[in-house]
Amino acid sequence: MTSRTTAATGTQVTTSQRAEARRTAVIASVQNRYNLLDREYEPVLGACEAAGIAFLPWRPVAAATPAHTKELDAIGAELGATAPQLLLAWLLARSPVVVPIPGTASLAHLEQNVAAADLRLNGAQLRSLDRLAGPEGTEGTEGAA
């Protein structure tokens, strides 16, 4: 199931919709909004992991607030990386089924996005990034349906 099934309404795929669709079709991937600061669909990612289904987060590079920027800049300085690269590297480290789909019209940004795959975040950096989302970042309105 991809955003084609939900794009017209702007809704996201829930775990119950994914399960329902799997009863009648082979599901290769789920495409939902998901990033470091917006983890509403964490349960869907977990269900995709369990089923070995690709999870394609759209809007993977969240707009950071000034409060987030300081931490992102500090970690970026450690790695020689931009904030968008860190956000993409976090997604890639988050799960083996995650395939981010950042959009860009710039060749330079495309090259930076691709370079994010080579970044290796250590445990302390991952924990620092995870803390940026706060407790609300991991709580979804969708629930574990």
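Structure: see above.
(A) Broad picture of the overall build of the protein chain. Along the backbone of the protein chain there are 6 helices and 2 strands. Helices (α) and strands (β) of the protein chain occur, in sequence order from the N terminus, as α-β-α-β-α-α-α-α. Taken over 145 residues, the protein chain has a buried fraction of 41%. Sequence separation of 24 or more characterises 76% of the internal contacts of the protein chain that already satisfy a separation of 6 or more. Accessible surface for the protein chain amounts to roughly 7,700 Å². Of this, 56% is attributable to carbon and sulfur atoms.

(B) View of helix α1 (residues 15-22). Considered for burial, the residues of α1 that qualify are T15, R18 and A21. Mapping the buried residues of α1 onto a view down its axis gives an arc of 125 degrees, with all of them on the same face. Here the buried face of α1 lies against β1 (29-33) and α2 (42-51).

(C) Expanded view of the pattern of salt bridges. Under the definition given, this model contains 5 salt bridges. Linking R39 and D130 is a salt bridge whose minimum nitrogen-to-oxygen distance equals 3.3 Å. Taken together, the residues span a long stretch of sequence, with R39 in the loop between β1 and α2 and D130 in helix α6 (residues 123-133) at a distance of 91 residues. Note on R39: relative accessible area 5%, which makes it buried. Salt bridges sharing partners connect three or more residues here, namely R33, D38 and E40.

(D) Local environment of the pairing of β1. Most of β1 is tucked away, with 5 of its 5 residues classed as buried. Residues S29, Q31 and R33 of β1 are buried on one face, and the alternating residues V30 and N32, pointing to the opposite face, are buried as well. Of the pairings in the sheet, the one linking β1 to strand β2 (residues 54-58) comprises 5 bridges and is parallel in character. Pairing of Q31 across the sheet is with L56, part of β2. This β-α-β element, β1 to α2 to β2, shows right-handed connectivity.

(E) Broad picture of the packing of α1 against α2. Contact geometry of α1 with α2 gives a least axis separation of 9 Å together with a crossing angle of 35 degrees. Each of T15, R18 and R22 in α1 lies in contact with α2, whose residues at this interface are P43, V44, A47, C48 and A51. Looking at the contact of α1 with α2 residue by residue, the classes come out as 5 nonpolar, 1 polar and 2 charged.

(F) Just the environment of R94, in detail. Relative to the helices and strands, R94 is located in helix α4 (residues 83-94). R94 sits 58 residues away from L36 along the chain, and the two C-alpha atoms are 9.5 Å apart. Discounting chain neighbours no more than four positions away, the residues touching R94 are Y34, E42, L45 and E49. A polar side-chain atom of R94 sits 3.4 Å from a polar atom in the side chain of Y34. Of the polar contacts made by the side chain of R94, one reaches the side chain of E49; its length is 3.4 Å.

Conventions we followed
- Residues numbered from 1 in each chain as written.
- Predicted model: local features only at pLDDT ≥ 70, side-chain atom pairs only at ≥ 80, totals over all residues.
- Heavy atoms only, no water.
- Helix = DSSP H or I, 4+ residues; strand = E, 2+ residues; numbered from the N terminus.
- Buried < 20%, exposed > 50% of the residue type's maximum accessible area, 1.4 Å probe, protein only.
- Contact = heavy atoms within 4.5 Å.
- Areas by Shrake-Rupley, 256 points an atom, 1.4 Å probe, with all protein chains shown as cover.
- Arc of directions from axis to C-beta.
- Salt bridge = Lys/Arg side-chain N within 4 Å of Asp/Glu carboxyl O.
- Pairing = 2+ DSSP bridges.
- Right-handed = clockwise from strand over helix to strand, strands pointing away.
- Axes fitted to C-alpha atoms, helices over the stretch in contact; angles between N-to-C directions.
- Nonpolar A, V, L, I, M, F, W, Y, C, P; charged D, E, K, R; others polar.
- Polar contact = N/O pair within 3.5 Å; in protein donor to acceptor, adjacent residues only side chain to side chain.

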